[in-house]
Amino acid sequence: MNNPVQIPYSVQVEELTRCFGSFVAVDHITFNVADGEIFGFLGANGAGKTTTIKMLCGLLLPTSGKGFVEGFNIYTQSDQIKQNIGYMSQKFSLYEDLLVRENLEFYGGIYGLDNHTLRQTIETSVMATGLREHLEKLTRDIPVGWKQRLALTCAILHKPKILFLDEPTGGVDPISRHQFWSLIYELAEKGTTVFVTTHYMEEAEYCNRLSIMHNGRIMDIGAPQTLKEKYKQSTIEDVFIQLVKK
Amino acid sequence: MKPRFIAIMQKEFIHIWRDPRSLTIIILLPLVMIFLYGYAITFDIKEIKIGILDQDRSPTSREMVRQLTKSGYFVVTADLHDRSEIEPAFLGRKIVAAVIIPDNFSRDLNTSFRIPVQLLVDGSNSNLATVTINYIKTFFLTYSLQINARLLNAPIDMQPRVWYNPDLKSANFIAPGLVAVIMMLICALLTSATIARERETGTMEQILVSPIRSAEIIVGKTFPYIFLAIIDAIAIVVFAWVVFKVPFRGHPLLFLFFAVVYVYTCLSLGIFISARVKTQQVALMAAQLVTTLPSLLLSGFIFPIVSMPKVLQLISYIVPAKYFLVIIRSVMLKGVGMAALWQPTLFLLVFGTLLLFISVKRFKTNLEG
Amino acid sequence: MTYDINIVDVSKRFGSTVALDGLTLNVRQGEMFGLIGPDGAGKTTLLRILCGLYLADAGHHLLAGVDGRKKMRTVRSFIGYMPQRFSLYPDLSVAENMRFFADLFQVPHKEREIRLQRLLEFSRLGPFIDRRAHALSGGMKQKLALSCTLIHTPKILLLDEPSTGVDPVSRREFWSILAELRGQGVTILVTTPYMDEAARCDRIAFIHKGKILVTDEPTAIPSLFKKNLLELHCRQHVMAARFLEQSRAFESVKIFGDRLHVSSHKPNAQTTRLIKSTLAAANIDVISIKPVQARIEDVFVELLQ
């Protein structure tokens, strides 16, 4: 009964709209994200990105329009959606007074992993992310770059099909950012869909496709190279500014 | 150009004003508290349920029971016929006490020196039990005197009279105490929380990088709460006067003066707590521990200080509410003036100044420590 | 040459962590100086010491010639500090926030209103004067924070990652405001994680583990890169980067936008051949390979390794 509708898309959105009072935060947006794609969701501050992500994660109901995440309806199946997505925000949502290991165990527990699976998953993921040497440290004592990796690890412990990253690299130095993105690529290669917002336009170039949002509408969607050619600009930052300043 | 502490003060007023929910709580809290304390937690007794096992069944014994219930303190909820009925009545909570009048009560009354009237009391509510025993004891003492007076002229005729609170009304006792507790609550709790909040949100960092002095921050941040506390104090007194008919015998201006002195001490205590506390949560808990609880429990508001263990009695000497209670009960119920109250007033002033001095010294205009 | 900020041998530790380790740095008057370094390098600690929020364990610093430790209140009257975290009052409006900070710095009333108008115009916050700070967008919040920092016309501005979490349009706007301030003679010390912002500064310094590694003009920084550097443009550049890295034939492979930077000690011709053969084996088309000058970020990454 709860089987998802079989579709090749991880995210399907049609004419999705959300109003707050008379303010239209998200204004009839339509887009699809394919399975295993790294999708960059760009926009100025206040363009409606966070509202869209909240609707896709089942935290906020749309005013109108259709939306499916991993085949589940965002109006009626938010519980199933939550089981299948991972979410990480710029604030990292970690407990600073817990050990790194305790944070991992906590998030694993939330997603209902049994002890055996949890231990194995933590083992394999700290190997992959290099968090191993920090496992027994207090979270507040590790550098920001490591916190970011920890937050990512927490978000993927339950092996979600799609990962939402809301400005995951804000305030993180270039080296940590590179390392973070190489982790993201590994995830995508293994088939996880990645839906990411960022203010670093250089990072936008790492995405398979981009959408640029402004005042609640999607101004354009395309591969970075395609967009640059279309608007005859040399960088995505210039494309962004051209689209948003119009 | 306005002084810096005025700038902080104005801003603080805006915060209070723009947060209607907190403001409502600050205004409503005292009224709710006095309502609850005034009605629910009354220390007066009325209509205590008793059972009577009258083994005499004479007109004299019936007359005595009638006199016992006439006072309004007791109602007979069980007319018992046998000792075996007493325990089920207690267990079924039908009665709190049972009075057993022996056989031959009326016959012995005029001849015997000692008539064994037995009183059984449910001790599971020790407060109520104590009060019940005292009342019934007094009743029988009076009753015996009446009987004896007929036989001989009693040498001593003790006629108790209670001054200042003749009916021993709890509200008269509680309202002044509430003023003390609530003013402490508002001053200490809110000021410590407001300073901690700025630390938590990072705005303190932005203020500190201006050439401001710690005293300016402290004065500016606490001043608005003096107003709130005084408004609350007045609200309680007026409410108590109107609703509970608590008398107000002193001069209103004198009351205001003492209220300001007390607020000063309370604020100093609040600032003292918040000088080093980093989060609102810790500030609130510390304030509870250091201010609200002692004000409720160790000030003599509810429990008499003389009956506390020595250690607590010693601690009570540094509880500002204890001194203010003496002052405000005197002002409200006795209507005494300044001359009689200079000692507690002096203590409050000295204690407040000391704390304030230490706090200003401890309050750093940097993020160290 | 007059220096507006002199930092001599300043050290600071928190418990067992050494945040600043005998750091020495001089910033010229009227200069826009960029401080870049990895997280935890000591950037925020340094700025907080300069405005007296932390006390250094050792060393001393002068701001416009005034001893920052001995005359902290004097220093605070002519510096402006903008913390990394937005620290204004969310329940106060734009104008109320600005007036509050003006009063804190004892700006005379008449002067206050003039400056308020000027800063509102300058930051283009005029239309939002009555809006509460919590309802502003990220970019507007940053501009409001800057306006509050500028209300007492400081001689020296200390900005801690002012454009984190701000979109590209607002970021450009913010930096054009900074450039204008620099034109007015304000000394600016700014920390940033963006290398393109570092390039806008007059001079930059790399800070790492509480020490300054290098200080120079942005244009001089690339010459510190001692290896040969090739820029590779190809299809599937992220996949390509992984293949090249796995081949272990190169010093470093870094992704810059849609291009790859491959560095090597070997001559360029040899490296080019190696790249082509590696990618051919992986079936990835090469569009172009050309030698390029290192960017600041190349040097940054190199210095830290």
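All residue numbers refer to position in the chain's written sequence, counted from 1. Written order decides the labels, with chains lettered from A and ligands numbered from 1. In keeping with the model being predicted, local features are shown solely for residues with a pLDDT of at least 70 and side-chain atom pairs are shown and tallied solely at 80 or more, while totals for entire chains, interfaces and linings include all residues. Remark: hydrogens and water are excluded; side-chain values derive from all non-hydrogen atoms of the structure.

## Description of the nonpolar core
Nonpolar side chains in soluble globular proteins tend to end up buried together. Remark: nonpolar core denotes a set of buried residues (Ala, Val, Leu, Ile, Met, Phe, Trp, Tyr, Cys) joined through side-chain atoms within 4.5 Å. Think of it in three bands: residues with accessible area under 20% of the maximum for their type are buried, residues over 50% are exposed, and the middle band is partly exposed, with areas taken using a 1.4 Å probe on protein chains only. Core analysis: the largest hydrophobic core is formed by 96 residues, its most contacted members being I5(C), L25(C), M98(C), L144(C), L146(C) and L158(C). Of all hydrophobic cores here, the second largest spans 64 residues; its members include L227(A), A241(C), L244(C) and I284(C).

## As for the packing of aromatic side chains
Residue and element names in this part refer to chain B. In this analysis, rings of Phe, Tyr and Trp, with Trp reduced to its six-membered ring, are considered paired at centre separations within 6.5 Å, and the interplanar angle assigns stacked below 30 degrees, edge-to-face beyond 60, and tilted for intermediate values. Counted by the stated rule, this structure contains 26 aromatic pairs over all chains. Aromatic side chains F139 and Y143 sit 6.0 Å apart centroid to centroid with 20° between the ring planes, which places their arrangement in the stacked category. Note that F139 and Y143 are positioned in helix α6 (residues 126-151) at a spacing of 4 residues, about one turn of the helix. Overall, F139 belongs to the buried group, its relative accessible area being 14%. Since its relative accessible area comes to 8%, Y143 is described here as buried. When the centroid spacing of 5.4 Å and the interplanar angle of 65° are considered together, the rings of F257 and F258 count as edge-to-face. Note on F257: relative accessible area 37%, which makes it partly exposed. Think of it this way: any DSSP run of H or I at least four residues long counts as a helix, any run of E at least two long counts as a strand, and we number them from the N terminus.

## Let's talk about the sheet that holds strand β5 (residues 66-67) of chain C
Residue and element names in this part refer to chain C. The antiparallel open sheet is built from 4 strands, whose spatial order is β2-β1-β4-β5. In this open sheet, the two edge strands, each paired with only one partner strand, are β2 (17-28) and β5. Here, a strand pair is defined by DSSP locating no fewer than two bridges between the strands. Two elements, strand β1 (residues 3-14) and β2, share 8 bridges in a ladder whose sense is antiparallel. Paired with V10 across the strands is L23, a residue of β2. Contacts are assigned to residue pairs with any non-hydrogen atoms lying within 4.5 Å of each other. The convention used is that axes are lines fitted to C-alpha atoms, helices contributing only their stretch in contact, and that angles between N-to-C directions extend from 0 to 180 degrees. Relative to the sheet, helix α1 (residues 43-50) contacts β1, β2 and β4 (58-63), its axis offset from that of β1 by approximately 115°.

## Quick word on the interface of chain C and chain B
Of the residues lining the interface, 34 residues belong to chain C; the matching set on chain B comes to 28 residues. Counting the surface chain C buries against chain B, the share from its top three residues, L53(C), R73(C) and L104(C), is 22%. Salt bridge, as applied in this entry: a Lys or Arg side-chain nitrogen positioned within 4 Å of an Asp or Glu carboxyl oxygen. At the boundary of chain C and chain B, one finds 3 salt bridges. Whenever two N or O atoms come within 3.5 Å, that pair is a polar contact, provided that in protein one can donate a hydrogen and the other can accept it, and provided that, for residues adjacent in sequence, both atoms are side-chain atoms. Here chain C and chain B share 16 residue pairs in polar contact (both at pLDDT 80 or more) between them. Going through the elements one at a time, α2 (72-78), α3 (94-104) and α4 (109-123) of chain C are the ones with two or more residues in the side of chain C that touches chain B. As used here, buried area is the combined drop in accessible area, with a 1.4 Å probe, of two parts when they are placed together.

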